[in-house]
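# Descriptive analysis of the structure
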Amino acid sequence: MSLQNTNPTTTIAWQALEKHFHEIENVTMQQMFQDDKLRTQNFHIKWDKFLLDYSKNRINQKTINLLLDLANEIGLKEGVNSYFSGDIINQTENRAVLHTALRANKNDSVLVDGENVIPEIFEVKNKIKSFSEDIISGNKKGFTGKSFTDIVNIGIGGSDLGPAMVVEGLQFYKNHLNTHFVSNVDGDHVSEIIQKLIPETTLFVIVSKTFTTQETLTNSETIRNWFLKFAKQEDVAKHFVAVSTNIKNVTEFGIDKNNIFPMWDWVGGRFSLWSAVGLTISLAVGFDNFDKLLSGANKMDTHFKIESFDKNIPVILALLSIWYNNFFGAESEAIIPYTQYLQKLAPYLQQGIMESNGKSIGRDGKTVNYQTGTIVWGEPGTNSQHAFFQLIHQGTKLIPTDFIGFSKSLYGNKDHHDKLMSNFFAQTEALLHGKNSNQVATEFKEQDISSETAKFLLPYKVFEGNKPTNTFLIDSLTPETLGSLIAMYEHKIFVQGLIWNIFSYDQWGVELGKQLANSILREINTQEVKNHDSSTEFLLNHFIKNNH
Ligand code: G6Q
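Residues numbered from 1 in each chain as written. Predicted model: local features only at pLDDT ≥ 70, side-chain atom pairs only at ≥ 80, totals over all residues. Heavy atoms only, no water.

A few words on the overall build of the protein. In terms of regular secondary structure, the protein is built from 22 helices and 13 strands. Against the 2.2 N^0.38 benchmark of 24 Å for 548 residues, the protein shows a C-alpha radius of gyration of 26 Å, consistent with a compact globule. Seen through its C-alpha atoms, the protein measures out along the principal axes to roughly 80 × 60 × 60 Å. Looking at the protein as a whole, 53% of its 548 residues qualify as buried. For the protein, the share of sequence-separated contacts (at least 6 apart) that also reach a separation of at least 24 residues comes to 75%. Entry remark: accessible area of the protein is about 24,700 Å², with carbon and sulfur atoms responsible for 50%. (Helix = DSSP H or I, 4+ residues; strand = E, 2+ residues; numbered from the N terminus. Rg over C-alpha atoms; globule rule 2.2 N^0.38 Å. Buried < 20%, exposed > 50% of the residue type's maximum accessible area, 1.4 Å probe, protein only. Contact = heavy atoms within 4.5 Å. Areas by Shrake-Rupley, 256 points an atom, 1.4 Å probe, with all protein chains shown as cover.)

Below you can see the structure in the form of structure tokens.
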């Protein structure tokens, strides 16, 4: 079954939300908290090791009810069933979207073209397990008989961002293997990494679903040529493995058939870290931790699938985001994890969210007449407090922000953790309450400031507050909770794409870049620049003159 095709602005719920927006737009959250003592009790969800408090949002019960009506009118229940059961919901590429099957249980059954894919998934998982164990234990050795010390993941986009983010996020659980990521076709990137490597103890994991991506193939060839300065052709088999759907191209590259980890076209690149694309994760933290990551995601899948929408974390998050994006006109959202481990979470989610929902043609084939994909950005707290928080507190833009904090730190340094989390709570509180002119004036009195200076400074020191935030308080950062967190955002993407009536799982904008660069490269090589606008022609000629 394909997804329902409804312009959301034509629904009864959307029209009711527009009316409701005018009732509520000037009511402050400060007022809402004063009027409703049960607000936090009603607007929070406790689930597994997660607590989501969404009471610091510009909503009341009617807002939530109307947003839930919108989800129902759009056919969210049926949509979720189609998503999980392998229907061709990626219609523009004629594919199912089944990253959820990668973390399903062994006894589950998920059909693609009438065939259960779970046994195949477990076959590959077993291969990941035994390969990782052999490398970590030193059972498998390099061409001089030494154990491996370094792993290099060569991939880009979906074949890089997920593994890179998770390996960094789970650093606490890491073993002795050093991990490196080469992604950019920028030759300086690969050169910097090669300098750190010893060929006889380094394993290269080439990750490319299509095995046609210019960046990954170029980096792989450069690395193989470098490797062959120290080793023989037959040693390549011991040091290079690949993750791909394109067995033919991988074999032509010279990789041994046994060293290929397959994946499937029903796994989108940006949702693929759960497949063999996560091989580097399994190598870095061990298969058991990789498996726990999958089971955390699977738990979130079950929550999303069976929980009623009013207590369903991804659904509530998606609806709140639509509320700000489509009614308040917010352009972006920030994601601020209060842990340094998750410093790559925002760039990772940028791909997932912006590549999936950055679309302007509806499922009816027409240009949409409403806003779709939000811009997401962020950095860990407290660092970001010393950087861009100024704009969130006092700028002119409305930026709904997710605060992600953990009750326990991993090394158990209580002093540091209490300081970190005091900042976490203080920020969401300040964003809610702000600081009014009376409070600022009282502060001035205590500071013994002249009345002239106080008068001048007062407006600059006032904080209006009323800035929406979601607060996630998670027990601790483990493979399992990280798996749940990533899956939570994946399902948020699905719900938003469904309601915005777009196809979230294609990426024609990315494909365009792949085509364009190839034709310009030919012109740079032949030094024959033609058929461009005057600006591009001027720039290309300047580059050729200085580059050759
Ligand atoms: C992800 C995108 C894109 C893709 C890369 C790498 O959803 O499609 O980021 O992952 O372009 O593609 P390959 O894995 O095919 O090299």
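Text resumes after the structure shown.
For the ligand, the set of nearby residues contains 14 residues, the closest of which are Ser-159, Ser-208, Thr-210, Thr-213 and Gln-351. At 2.7 Å from an oxygen atom of the ligand is found a side-chain nitrogen or oxygen belonging to Ser-159. Out of a free accessible area of 400 Å², the ligand has 92% covered by protein chains. Of the residues contributing to the shell around the ligand, the split by class is one nonpolar, nine polar and four charged. (Near = heavy atom within 4 Å. Polar contact = N/O pair within 3.5 Å; in protein donor to acceptor, adjacent residues only side chain to side chain. Nonpolar A, V, L, I, M, F, W, Y, C, P; charged D, E, K, R; others polar.)

Relative to each other, helix 15 (residues 345–357) and helix 20 (residues 479–499) sit at 20°, their axes nearing to 10 Å. Comparing the axis directions of helix 15 and helix 20 gives the class roughly parallel. Our pair here, helix 15 against helix 20, has a crossing hand that is right-handed. Packed against helix 15, whose contacting residues are Leu-345, Tyr-348, Leu-349, Gly-352, Ile-353, Ser-356 and Asn-357, the element helix 20 presents Leu-485, Ile-486, Tyr-489, Glu-490, Ile-493, Gln-496 and Gly-497 at the interface. Tallied by class, the residues present in the contact of helix 15 with helix 20 amount to eight nonpolar, five polar and one charged. (Axes fitted to C-alpha atoms, helices over the stretch in contact; angles between N-to-C directions. Parallel < 35°, antiparallel > 145°, perpendicular 65-115°, else oblique. Left-handed = near helix turned anticlockwise from the far one by under 90°.)

Once that is clear, we can look at the pairing of strand 10 (residues 332–337). For strand 10, the tally of buried residues reaches six of six residues, placing the bulk of the element in the interior. Alternating residues of strand 10 divide into Ser-332, Ala-334 and Ile-336 and Glu-333, Ile-335 and Pro-337, and every residue in both groups is buried. Relative to strand 11 (residues 375–377), strand 10 runs parallel, the two sharing three bridges. Looking at the pairing, Glu-333 lines up with Val-376 of strand 11. Crossover handedness for the path strand 10 to helix 15 to strand 11: right-handed. Sheet topology note: the strand 10/strand 12 (residues 401–406) ladder contains four bridges and is parallel. Directly across from Pro-337, in strand 12, lies its bridge partner Ile-404. (Pairing = 2+ DSSP bridges. Right-handed = clockwise from strand over helix to strand, strands pointing away.)

It is worth spelling out the side chain of Asp-402 at this point. Along the chain, Asp-402 falls in strand 12. Although Asp-402 lies buried, it forms no salt bridge, and the closest oppositely charged side chain, Lys-492, sits 4.6 Å away as judged by the N-O distance. Reaching out from Asp-402, the side chain makes a polar contact with the side chain of Tyr-489 at a distance of 2.7 Å. Ignoring any residue separated from it by four or fewer positions in sequence, one finds Asp-402 in contact with Ala-334, Ile-335, Ile-336, Asn-470, Phe-472 and Tyr-489. (Lys, Arg positive; Asp, Glu negative; His and termini not counted. Salt bridge = Lys/Arg side-chain N within 4 Å of Asp/Glu carboxyl O.)

Our next topic: the sheet that holds strand 13 (residues 469–474). Here we have six strands laid out as an open sheet, ordered 1-2-13-12-10-11, and mixed in their pairing. Among the strands making up the open sheet, the edge pair consists of strand 1 (44–47) and strand 11. Within this sheet the neighbouring strands show an average axis-to-axis angle of 15°, counted without direction. Two strands pair when backbone bridges link them, and strand 12 and strand 13 are joined in this way by six bridges, in the parallel orientation.

Next up on the list: unusual backbone geometry. For the bond from Gly-381 to Thr-382, the omega torsion is 10°, close enough to zero to count as cis. In the Ramachandran plot, Asn-94 falls in the positive-phi region, its phi being about 55° despite a non-glycine side chain. Residue position: Asn-94 is located in the loop between helix 5 (76–84) and strand 3 (111–112).

Within helix 7 (residues 161–169), eight of the nine residues are buried, leaving the element largely enclosed by the surrounding structure. For helix 7, every residue scored as buried is listed here: Gly-162, Pro-163, Ala-164, Met-165, Val-166, Val-167, Glu-168 and Gly-169. Among the structural elements, strand 5 (150–154), strand 6 (178–182), helix 12 (279–285), helix 13 (287–306), helix 15 and helix 20 are those in contact with the buried residues of helix 7.

Another point: the sheet that holds strand 7 (residues 202–207). Pairing within the open sheet is parallel, and its five strands lie in the order 6-5-7-8-9. Edge positions in the sheet fall to strand 6 and strand 9 (260–262), since each of these pairs with one other strand and no more. Ignoring which end each strand starts from, the neighbouring axes of this sheet average 20° apart. With five bridges joining them, strand 5 and strand 7 adopt parallel strand pairing. Its bridge partner lying in strand 7, Asp-150 is registered against Thr-202. The strands that helix 6 (residues 118–137) touches are strand 5, strand 7, strand 8 (240–244) and strand 9; relative to strand 9, the one it contacts most, it runs at about 145°.

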